[in-house]
Amino acid sequence: MKKLINAPEAVLDDALAGVAAAHPQLRVDTENKVITRATGTRPGKVALISGGGSGHEPLHGGFVGMGMLDAACPGEVFTSPVPGQMLTAAQAVDGGTGVLFIVKNYTGDVLNFQMAAELATDEGIAVESVLVDDDVAVQDSTWTAGRRGTGATVFVEKIAGALAEQGADLAAVAKAGRQVNAASRSFAVALTACTTPASGKPGFDLPEDEIEVGVGIHGEPGRSREKLRPAKEIVATALDAILADQPLTAGDETIVMVNGLGATPLLELYVAFNEVAAVLADKGIVIARNLIGNYVTSLDMAGVSITVCKADADILSLWDAPVNTPALRWGV
């Protein structure tokens, strides 16, 4: 497989150097592998920290900035960052009112963020955590006890980040993050496998006429291997799973993300969103806000994930609040 890299072992270092060169509004600590805002954290503001294996860009480094994260900790490709990175991030961005860890539900991430929280607490930094577990495809998977954390991570980071920017305390920001996670459900379908730089070959075999239904963002198996079919039917399968787990009624307002997994053209994502919009409109469910594009990827995997968040007036207000990050920007 062809990759635009110098060497597999240098991918993360080279990418972080690129982030630093491209985004002067960020400060990139290449030694400790921590990305923070160049301006630091405003004194008295709750700081938000997230992180995870690389390969899911723009998650998480692309969401560091005003209105979202204060710091991100990138691990090696599909590998959790280590507690030392998270502790370094907490020390760098604590504004005196504590930090919120936003953690996708993968075993390595959960354990390492827990250890980092203990280390930070020992240093007098108040820590709360929000666990994101929105994927309804499978209950337990290769790397997960319980549900996987996927697209809702973006929603949690945006809405909790907006509340923190407004000056809310740590308990309130954590509560908002948990509420958003509880209101969100996701489901993904892969058309192709992804290829990690180190392996140089697809992570699993997927025949040309088959799709992986309910795939994870590291290529973990989904619910089933099925024949390729029209976008309308693929979207219906995903929404059936989402709505079976999080029933919505006519008049409910939602935020919907149709997310590319890395190699899906925007043209096709709009095809998928059109089908999502048609299904929800038929049920009287309102798409109040939407995102269409690549936000939580899986290297070069072709496919789509759909995330639906039931949104009240408070959530929508926080969603609309100004944000200025490399990957998400409005109201500024």
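None of these values were measured; they are calculated from a predicted model. Counting restarts for each chain, with residues numbered from 1 along the sequence as it is written. In view of the model being predicted, local features appear only for residues whose pLDDT reaches at least 70, and side-chain atom pairs are presented and counted only at 80 or more, with totals across whole chains, interfaces and linings using the full set of residues. Water and hydrogen atoms play no part in the side-chain values, which are based on all heavy atoms of the structure.

1. Quick look at the layout of surface pockets
To find leftover empty space, one rolls a probe the size of a water molecule over the atoms. Where we set the bar: Buriedness of a pocket was judged along seven lines, with at least five required to meet protein on both sides within 12 Å; pockets are open sets of points on a 1 Å grid over the protein atoms alone, cavities are sets where a 1.4 Å probe fits but cannot get out, and lining residues have an atom within 4 Å of a point. Grid points are joined across faces, edges and corners, and a volume is the space filled by probe spheres set on the points. Counting from the N terminus, the helices are the DSSP runs of H or I reaching at least four residues and the strands are the DSSP runs of E reaching at least two. Gly is placed with the polar residues, together with every amino acid not listed as nonpolar (Ala, Val, Leu, Ile, Met, Phe, Trp, Tyr, Cys and Pro) or charged (Asp, Glu, Lys and Arg).
Looking at the largest pocket, its volume works out to about 600 Å³. If you go around the largest pocket, you meet 33 residues; those closest to its centre are Ala-15, Val-19, Ser-54, Gly-55 and Glu-57. Counting only elements with at least two residues in the lining of the largest pocket, the list comes to helix H1 (11-22), strand E3 (47-54) and strand E4 (71-77). Residue contributions to the lining of the largest pocket peak at six residues, all from H1. Broken down by class, the residue content of the lining of the largest pocket amounts to 20 nonpolar, ten polar and three charged.

2. Let's talk about unusual backbone geometry
Definition in use: Between buried and exposed lies partly exposed: a residue is buried under 20% and exposed over 50% of the maximum accessible area for its type, with that area taken using a 1.4 Å probe on protein chains only.
Residue Pro-58 is bonded to the preceding Glu-57 through a cis peptide linkage, with omega at 15 degrees. Among the structural elements, Pro-58 can be located in the loop between E3 and E4. In this model, Leu-59 is joined to His-60 through a cis peptide bond whose omega is -5 degrees. Unlike most non-glycine residues, Phe-78 shows phi in positive territory, near 60 degrees. Within the element layout of this structure, Phe-78 appears in the loop between E4 and helix H2 (83-93). Residue Phe-78 is classed as buried on the basis of its relative accessible area of 14%. Positive phi outside glycine occurs at Leu-299, with the angle close to 55 degrees. Secondary-structure assignment places Leu-299 in the loop between strand E11 (286-293) and strand E12 (303-310).

3. Let's talk about empty space enclosed by the protein
Taken as a whole, this structure holds one cavity of 30 Å³ or more when the rule is applied. If you add up the space inside the largest cavity, you get close to 40 Å³. What lines the largest cavity is simply Asp-135, Thr-150, Ser-186, Phe-187, Ala-188, Val-215, Gly-216, Ile-217 and Ser-305. The greatest single-element share of the lining of the largest cavity, amounting to three residues, is contributed by strand E7 (residues 184-190).

4. So, the packing of helix H4 (residues 152-165) against helix H5 (residues 170-182)
Short version of the rule: Angular values range over 0 to 180 degrees, each being the angle between N-to-C directions of two axes fitted as lines to C-alpha atoms, with helices fitted over their stretch in contact. Put simply, angles under 35 degrees are roughly parallel, angles over 145 are roughly antiparallel, angles from 65 to 115 are roughly perpendicular, and the rest are oblique. When the near helix sits turned anticlockwise from the far one by under a right angle, the crossing is termed left-handed; a clockwise turn instead gives a right-handed crossing. Every residue pair with non-hydrogen atoms within 4.5 Å of one another is taken to be in contact.
Between H4 and H5, whose axes approach to 9 Å, the crossing angle comes to 155 degrees. Comparing the axis directions of H4 and H5 gives the class roughly antiparallel. Pair H4 / H5 crosses with right-handed handedness. Residues Phe-155, Val-156, Ile-159, Ala-160, Leu-163 and Ala-164 of H4 lie in contact with H5, whose contacting residues are Ala-172, Val-173, Ala-176, Gly-177, Val-180 and Asn-181. Along the lines of polarity and charge, the residues of the contact of H4 with H5 split into ten nonpolar, two polar and no charged.

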